[in-house]
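# Structure at a glance
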Amino acid sequence: MVQPARIPPIRGVGSSCGGSTGPLSGTPGGGGGESVLRVLTVLPLRGPESSAAYHRAFLVATSVYAVAVSAYVLADGGRSAGERLTILGLVGLVVLRAWWTGNRRPPSVVGDAAELTAMGTLAALLGSLIPILGLLLFAWCTRVAQGRRDMARAAAIYGGAYLIALAGAWDSPSVGFATVAIAAPLVGLHPFAAGWLLQALEAAERATRREEVLAASSTELGTARTLEDLDAAVGAALDRLTQLTDDATAFFARTDETAATVEIAQTRGDGAEGLRGTRIDVGELRTALDHLERRGVRSTLVLGPQSARSLGRQWGVELPQGHLTLGLVVVASQLSGVVAVGTPEVLGSNDRDALAALASEIGLVLDRLHLLEALEGSERRFRALVEHSSDLVLEVDRAGTIHLASAQARSLLGTAPEGLRGTCLFDLVHQDDREHVQHLLTEPGRRATVSAEWRFRHRDGHWIDTETALSDRRDDPDMADYVLTTRDVSERKALQRELSHQAFHDTLTGAANRALFAERLGHALERRAATNATAAVFFIDLDGFKRVNDQYGHSFGDRVLVATTDRVRTTVRTQDTVARLGGDEFAVLLEGLADAADARRIADRVAEVLARPMELDGVSVRCRASVGLAFLRPEDRDVEAMLRRADLAMYQAKAAGPGTVVEHSARLEDATRTRHALENDLHAAIPQGEIAVWYQPLVTVEDGTVVGLEALARWNSSRHGQVPPGVFIPLAEEIGLIDEIDQHVLGVACRDLAGWRVHHPDLTVSVNVSARNLESDGLVTAVEDTLADTGLPGQALVLELTETAIMQYPATAGAVIEELRSRSVRVALDDFGTGYSALGHLARFPLDQLKIDRVFLTGAQGGERGEQMLTAIVELGRRLGIDTVAEGVEESHHRDALVEARCKFAQGYLFGGPAPAETIAGRLQLVGGAGSSSRRPARRVPIEHPGG
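Here's what I pulled together on the structure shown here. (Residues numbered from 1 in each chain as written. Predicted model: local features only at pLDDT ≥ 70, side-chain atom pairs only at ≥ 80, totals over all residues. Heavy atoms only, no water.)

### Details of the overall build of the protein
- Assigned secondary structure in the protein consists of 30 helices and 28 strands.
- For the protein, with 948 residues in total, the buried portion stands at 49%.
- In the protein, of all internal contacts separated by at least 6 residues, the share reaching a separation of at least 24 is 65%. (Helix = DSSP H or I, 4+ residues; strand = E, 2+ residues; numbered from the N terminus. Buried < 20%, exposed > 50% of the residue type's maximum accessible area, 1.4 Å probe, protein only. Contact = heavy atoms within 4.5 Å.)

Following this line, the structure appears as structure tokens:
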């Protein structure tokens, strides 16, 4: 049995009740979310029909008793009128008391005392055994009529009346004391026995009806599919349950989604209408639940009248008067609702058990409804996902029959879903993919989800690239064998094909790129080793393409490249691979050749076709091609090595002149190895001190006086010996070492000159400068630093620039020359007359010296016209204030021509070739004062070139 619990004092609703940590505690109360639970019906409560019948019977019996006593009193002529009135008044008081309590008015101690006094006094006045026994029976009937079944109280009233009757019979002449003392208890036991029997019968009837109520309630609750059905079923159950107890009211409340508040959903009983729709905080209930849990009580909670009123005040509602019994609806260890019954007295343990059983049944139904709601929500979400997904979902069996298709069948395949049901999946699959799909569906054994790609046929006939996830559902009896989730990947496939094409093809010309060419060349090398068939590669480089780009723009240059690709494709065979390697470089792979001559003929034909003019937008351009040819050898395995051989042959063709075809050979290979060795050794030449500075004198034509020296770089390699300047200087320019060599020569020459100028203060030195030094102001900085380190004045230094260098960087050359001349450094134009627009350079750039190329000296030997050209150049320099220096003076008649042309300075082997610093120092000492301030004529002593 569940005993009434003394709960802690009820605190204010506004207090924090969320600190409970028991398993029945839920979301903290006091201000949570609101619920929308409505009270559906309010019905008046009736007690059991049997109790009503008893009530009417007892009231009738009481009335009959009153009439009988009244008749007896009126018939007794021995009593005075006052006694009669007193007896009738007492009888009326007892009857009034019986009707008062019989109509279910609350009992009171004062009423019980008045009833007991009236009964005893009436018994003493009557002095008769029958009225006394009638009074005793009447006392029990009033107790039964109240419906309270309070045997202890009835026995107390019976005992009091019995004592009063004995006292009245003590001196009564008509009724003996012994008679009353013996007969009254014997007669009085009958009503008590009847009362106990009545209680047992009613208890059995109530137990039966409780079982019927719980069975009916369980049936109705079991059929509930919604919360509204649950509320209606609970209302009916409460209606039946409260009929077991007189003067009962009841209500049912469910928690909202936050489990912070409850709203009363059903009420039963008179006065309960005011509770309908009330929203209350469940925090206080959780506080009580925690208390009960610690005591091991979890089914019901019984509140006395004072606690019920206090809780009502806290909730702001008027709860039923009397005791309040709460059946707690718990779902998943959380308070989910309350079933409350209010009664004047505490519910019996059996009724509390019935209330707890009803609450437990409601909890199970709530849990089931929550699960059903979650399941239905999950099904709705799944259905929405399937219907609104861009993927097509199919259910198929192992034979390929389609059992179910989602709505995406219309957008993916152009067919309504119902049109696919019953059709064969294999009929929709591309024939090249059909065998693979059949294998997936018929493969034995359990498999996890697998992914595959195949092509589906659209209704209009075109094929769609798809990706399908195939789930094996053969163990699920509610589904077909497989579930296919298919998505359209046509765009992705097209993009992949496009990216693959771009990865292996040139985006401008559509020809193969380097990666694809290398891959095909690798396969060709493997086939060459296996079949010994003739195959070749040739590289093509367009001559003059940079000029076309500079003149017409890059867009026009791109069109030239496209036209070149088309010409090469139409010239070679269809099975040959044409590739653009980058820029204006192309490559062709030739396989299946009849012989080597066949490859040479194709290469010559390509060079001849590309030499023809191109007509683009009315513009005629000509870009000849240098072609390098290399044959695949049986021992070749390295693709990059093969490409280097063809590239090397192409560079040799380019060096030989536009439109040339060069075939790779062993000699060319040797030259390449030698060049690579020179390149590697040149990097270490300056650190190892192998780059020396030699000097060639610059003299006056008139008497051979040394007035200056030209510094020249010489490389005496420890491995290669004396490397000619014509070999290592172009190599240094190509590999980016020329700046380092120029600065090295500048520093050594200035230091040597600083020592020589101690005795020859007017001596100058000339240093050649490469074109790369004109790209920036680095040359000016290097000159400033060198002059500062050596203490030389700027006029002691002459920097020689070639016409080619000025033409290569015309924009920056003028600025660099101005910067140098502002520091008193003189600038000479080397090899004058061999470049483009030589006279234009004289007008454009501020120069100090012209070095006339030896070609004009040899021209002077040819007759009068040559002499006139030489004289004109010298006269031009004189008029412009520019010194002229003749180069390459090797014969005496060259000197005579210079004297005739009035040229002031010259250099050449006639006056002395390049020599190391030690030799030059001896020469200067020998002439003794050449170039000194005395300007004494010095005897010309040629400085012979030791070894060239």
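Still to come is the rest of the account.
### Some points on the sheet that holds strand E8 (residues 402-405)
- The strand order across the open sheet formed by five strands is E8-E7-E11-E10-E9, and the pairing between neighbours is antiparallel. Edge strands, defined here as strands with exactly one partner in the open sheet, are E8 and strand E9 (450-457). With strand direction ignored, the average angle separating the axes of adjacent strands in the sheet is 30°.
- With five bridges joining them, strand E7 (residues 392-396) and strand E11 (residues 482-488) adopt antiparallel strand pairing. The partner of Leu392 across the bridge, within E11, is Thr486.
- The sheet contacts of helix H13 (residues 431-442) involve E7, E9, strand E10 (463-472) and E11, and relative to E9 the element is tilted by about 140°.
- In this fold helix H14 (residues 490-504) packs onto E9, E10 and E11, with an angle of close to 115° to the strand it touches most, E10. (Pairing = 2+ DSSP bridges. Axes fitted to C-alpha atoms, helices over the stretch in contact; angles between N-to-C directions.)

### Focus: the packing of helix H16 (residues 545-552) against helix H17 (residues 554-571)
- For the pair H16 and H17, the least separation of the axes is 7 Å and the interaxial angle reads 140°. With respect to their mutual orientation, H16 and H17 come out oblique. Only His554, Phe556, Gly557, Val560 and Leu561 of H17 make contact with H16, whose side of the interface consists of Phe545, Val548, Asn549 and Tyr552.
- When grouped by side-chain class, the residues that make up the contact of H16 with H17 number six nonpolar, three polar and no charged. (Parallel < 35°, antiparallel > 145°, perpendicular 65-115°, else oblique. Nonpolar A, V, L, I, M, F, W, Y, C, P; charged D, E, K, R; others polar.)

### Quick word on H16
- Here H16 has its buried residues at Phe545, Val548 and Asn549. Down the axis of H16, the smallest arc covering the buried residues is 100°, so these residues share one side. Those residues of H16 that are exposed and angled more than 90 degrees off the buried face are Lys546, Arg547, Asp550 and Gln551.
- For H16, the secondary structure elements touched by its buried residues are strand E12 (534-542) and H17.
- Gly553, located one to two residues past H16, shows a positive phi value of around 100°. (Arc of directions from axis to C-beta.)

### Points about the pairing of E7
- Burial analysis of E7 places four of its five residues in the buried class, which makes it a mostly covered element.
- One ladder, built from three bridges, connects E7 with E8; its direction is antiparallel. Bridged to Leu394 within E8 is Ala405.
- Where E7 folds back onto E8 in an antiparallel hairpin, the turn is made up of five residues, including Gly400, whose phi is positive at roughly 95°.

### Section: the sheet that holds strand E13 (residues 577-582)
- Read from one edge of the open sheet, five strands run E13-E14-E12-E17-E18, paired in mixed fashion. Taken across any chain shown, the strands that pair with only one partner, and hence form the sheet edges, are E13 and strand E18 (661-663). Direction aside, the axes of adjacent strands within the sheet are offset by 20° on average.
- Taken together, the seven bridges between E12 and strand E14 (residues 585-593) define a ladder with antiparallel strand orientation. For Asp541, the partnering residue across the bridge sits in E14 and is Glu585.
- In this fold H17 packs onto E12, E13 and E14, with an angle of close to 10° to the strand it touches most, E14.

### Remarks on the packing of aromatic side chains
- Scanning all chains against the criterion turns up four aromatic pairs.
- Ring centres 5.2 Å apart and planes at 75° place the aromatic pair Tyr695 and Trp756 in the edge-to-face group. On the criterion of sequence distance, the pair formed by Tyr695 in strand E19 (residues 691-700) and Trp756 in helix H22 (residues 738-756) is long-range, its members being 61 residues apart.
- Residue classification places Tyr695 among the buried residues on the basis of a relative accessible area of 0%. (Phe/Tyr/Trp six-rings, centres within 6.5 Å; stacked < 30°, edge-to-face > 60°.)

### Quick notes on the layout of surface pockets
- Here the second largest pocket defines a volume of roughly 880 Å³.
- The wall of the second largest pocket is formed by 37 residues, among which Glu710, Leu712, Asn768, Glu800 and Asp830 lie closest to the centre.
- Counting only elements with at least two residues in the lining of the second largest pocket, the list comes to strand E20 (706-717), helix H21 (725-735), H22, strand E23 (797-802), helix H24 (803-808) and strand E24 (826-832). (1 Å grid on protein atoms, 1.4 Å probe; cavity = no way out; pocket = protein on both sides within 12 Å on 5 of 7 lines; lining within 4 Å. Points joined across faces, edges and corners; volume = space filled by probe spheres on them.)

### A look at empty space enclosed by the protein
- A complete count under the given rule lists three cavities of 30 Å³ or more for this structure.
- In this model, the largest cavity occupies a volume close to 50 Å³.
- What lines the largest cavity is Leu241, Thr242, Leu244, Thr245, Val341, Leu347 and Asp351.
- By residue class, the composition of the lining of the largest cavity is four nonpolar, two polar and one charged.

### Some remarks on the environment of Arg612
- Considering the arrangement of structural elements, one finds Arg612 in the loop between helix H18 (596-610) and strand E15 (614-616).
- Given the relative accessible area of 41%, Arg612 is considered partly exposed.
- A C-alpha to C-alpha distance of 6.4 Å links Arg612 and Arg622, two positions ten residues apart in sequence.
- When sequence neighbours within four positions are dropped, the list of residues in contact with Arg612 reads Arg567, Val621 and Arg622.

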